[in-house]
Number of protein chains: 2
Amino acid sequence: MTNPQPILEYIKKHVDLTAEEEEILLSKITDRRYLKNQYIVQQGDICKTINFIISGCTKMFYVDEEGQEHIIMFSVEDWWSSDLGSFITQTPADFNIQCLENTQLIQFSYDHLEILYKEIPKLERLFRKITERAFVASQKRVVRNFSLSAKEQYLTFKNTYPKIEQRVPQYMIASYLGITKEFLSKIKSQLIQDQ
Amino acid sequence: MTNPQPILEYIKKHVDLTAEEEEILLSKITDRRYLKNQYIVQQGDICKTINFIISGCTKMFYVDEEGQEHIIMFSVEDWWSSDLGSFITQTPADFNIQCLENTQLIQFSYDHLEILYKEIPKLERLFRKITERAFVASQKRVVRNFSLSAKEQYLTFKNTYPKIEQRVPQYMIASYLGITKEFLSKIKSQLIQDQ
DNA sequence: AATAAATGTTAATCTAGTTTAACATCATTT
DNA sequence: AAATGATGTTAAACTAGATTAACATTTATT
């Protein structure tokens, strides 16, 4: 393990760990580096790990029957990045996760996480809270899809994730928003004219 | 408590409870009946309970600035029905939950649930799993919004929740799908002609 | 520096779904 | 049984966003 500090800090913000528990935890996680464009999970594979990003950036996306790519989420430092549906049921993934930059991860494998839940039960609480927040975020996204125009959704994205906008090409942001790159381009030129 | 059996059965499907734990649990939950059209939570209130439906049917929705109602989910027997975002943060709710039929609930109040987590830690695991599944369902809904036409979304809804379709007026299904009632009507008449 | 590959823009045409408005049917109350 | 309110249908006119296609700019590679 080269650099477990960020994950320990993240976890300690939510639960207190004894020195012994910390040691158990470190023995069950893996440090992993991926290069830009490498896949962490591929559609159809079983997602074997939950991934915490130490540095870098990923996109989670799926490819529809027409070969069209749809981005579900971006993840950066201190975020999680997994196909949770595949992970919790250990069935084939609906999504791909690919690195947009060189990326360093901490990985919790399915089996090791089950052991950790047994040995450090308060981790159940941690992951319950993480999942609760993820659920709420996803539900908010459903709401945005419902009630905001593409322009409003773009502005919301810009405000909510200003750093991601600068790290990611515009056509991927369009894909995340569920619009075409041409239409996002039009929205941006409208916004420039408006002001 | 008139009828705690369904919630006990539900919980016991996921975790084993000792007789003592069962008693603690029962002492911390509340049985509550609502009439058709009554609100369980209102937008702006703090959602004080997580609700498990024994019988009946609810809709969760919000009203946008134009006064337009948008249904986020329906819930029926053996499902949960809460504004989880408001509940976990104990801040004002984004959503209303209203009964579409006379509805009987088991309610877990925020404070009682925290006590239950302390006294029966394995409930953390249960609620972690419940939330994981809710998250995956919500993410699937985002995907459907992205890649399916209104007609395909309607057919998916019909297949996934055949019972709900029969219990709920069509204009509410249109709202759930994010389309107008007029357009759903058109889709239905197209489907009849197609076959 | 030259070329190729990736990313971004503009504009014309098209379409899925909205809006409006009038009417039809069904259920509930008196 | 009549009347009221809730739910559902049809059709014409409209709009947000998609599609297509050609071109512009930036970045990476030789």
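Residues numbered from 1 in each chain as written. Chains lettered and ligands numbered in written order. Predicted model: local features only at pLDDT ≥ 70, side-chain atom pairs only at ≥ 80, totals over all residues. Heavy atoms only, no water.

**Side note on the environment of V76 of chain B**
All names here are of chain B. By the secondary structure assignment, V76 is in strand 5 (residues 69–76). C-alpha of V76 to C-alpha of E152: the two residues are 76 residues apart in sequence and 23 Å apart in space. Sequence-distant contacts of V76, that is, excluding residues within four places in its chain, are made with I53, G56, C57, I164 and R167. (Helix = DSSP H or I, 4+ residues; strand = E, 2+ residues; numbered from the N terminus. Contact = heavy atoms within 4.5 Å.)

**Overview of the interface of chain B and chain A**
Opposite the 35 residues of chain B that make contact, chain A presents 35 residues. Interface area lost by chain B to chain A is led by R128, F135 and F146 of chain B, which between them contribute 21%. Along the contact surface separating chain B from chain A lie 6 salt bridges. Where chain B touches chain A, the interface holds 12 residue pairs in polar contact (both at pLDDT 80 or more). With 19 residues, helix 5 (residues 122–147) of chain B is the largest single contributor of residues to the side of chain B that touches chain A. Classifying every residue of the side of chain B that touches chain A by side-chain character gives 17 nonpolar, 9 polar and 9 charged. (Buried area = accessible area lost by both parts, 1.4 Å probe. Salt bridge = Lys/Arg side-chain N within 4 Å of Asp/Glu carboxyl O. Polar contact = N/O pair within 3.5 Å; in protein donor to acceptor, adjacent residues only side chain to side chain. Nonpolar A, V, L, I, M, F, W, Y, C, P; charged D, E, K, R; others polar.)

**Things to note about the pattern of salt bridges**
Taken as a whole, this structure holds 24 salt bridges over all chains when the rule is applied. Notably, a salt bridge pairs R167 of chain B with E101 of chain B, separated by 2.9 Å at the nearest N-O pair. Of the two residues, R167 of chain B sits in helix 7 (residues 162–167) while E101 of chain B sits in the loop between strand 6 (96–99) and strand 7 (103–109), which places them 66 residues apart along the sequence. Among the residues examined, E101 of chain B registers a relative accessible area of 23% and is labelled partly exposed. Through salt bridges that share partners, E114 and E124 of chain A together with R125, R128 and E132 of chain B make up one connected network. (Buried < 20%, exposed > 50% of the residue type's maximum accessible area, 1.4 Å probe, protein only.)

**Regarding the sheet that holds strand 2 (residues 39–41) of chain B**
Strand order across the open sheet formed by 4 strands is 2-6-4-5 (chain B), with antiparallel pairing between neighbours. This sheet does not close on itself; its edge strands, each paired only once, are strand 2 and strand 5 of chain B. Across this sheet, the average inter-strand angle for adjacent strands is 30 degrees, counted without regard to direction. Where strand 2 of chain B lies against strand 6 of chain B, 2 bridges are found, and the strand directions are antiparallel. Its bridge partner lying in strand 6 of chain B, Y39 of chain B is registered against Q98 of chain B. Sheet contacts for helix 5 (residues 122–147) of chain A: strand 4 (57–63) and strand 5 of chain B; angle to strand 5 of chain B, the most-contacted strand, approximately 140 degrees. (Pairing = 2+ DSSP bridges. Axes fitted to C-alpha atoms, helices over the stretch in contact; angles between N-to-C directions.)

**Examining the relation of the copies chain B and chain A**
Rotating chain B by 180 degrees and translating it 0.0 Å along the rotation axis places it on chain A, where the RMSD comes to 0.0 Å. Such values leave the two copies arranged in the relation of a two-fold axis. Looking at the interface residues of chain B, 100% of them are also at the interface in chain A, so both copies use one shared face. (Least-squares fit on C-alpha atoms with pLDDT ≥ 70 in both.)

**A short note on the protein's contact with DNA strand D**
Near DNA strand D, the surroundings consist of 13 residues, among which A150 of chain A together with Q170, Y171, E182 and S185 of chain B are the closest. Across the atoms of DNA strand D situated within 4 Å of the protein, the share located in sugar and phosphate is 76%. Contact between DNA strand D and T180 of chain A: a phosphate oxygen at 3.2 Å from a main-chain N or O atom of the residue. Looking at the surface near DNA strand D, the elements with two or more residues in it are helix 9 (181–194) of chain A together with helix 8 (170–177) and helix 9 (181–194) of chain B. Residue contributions to the surface near DNA strand D peak at 3 residues, all from helix 9 of chain B. (Near = heavy atom within 4 Å.)

**Description of the protein's contact with DNA strand C**
The environment of DNA strand C is formed by 13 residues, the closest being Q170, Y171, E182 and S185 of chain A together with A150 of chain B. One of the side-chain N or O atoms of Y171 of chain A is found 2.5 Å from a phosphate oxygen in DNA strand C. Between a phosphate oxygen of DNA strand C and a side-chain N or O atom of T180 of chain B, the distance comes to 3.2 Å. Mapped onto the surface near DNA strand C, the elements with two or more residues apiece are helix 8 (170–177) and helix 9 of chain A together with helix 9 of chain B. For the surface near DNA strand C, the element with the most residues is helix 9 of chain A, which contributes 3 residues.

Such coordinate-based values are descriptive only and should not be taken to indicate function.
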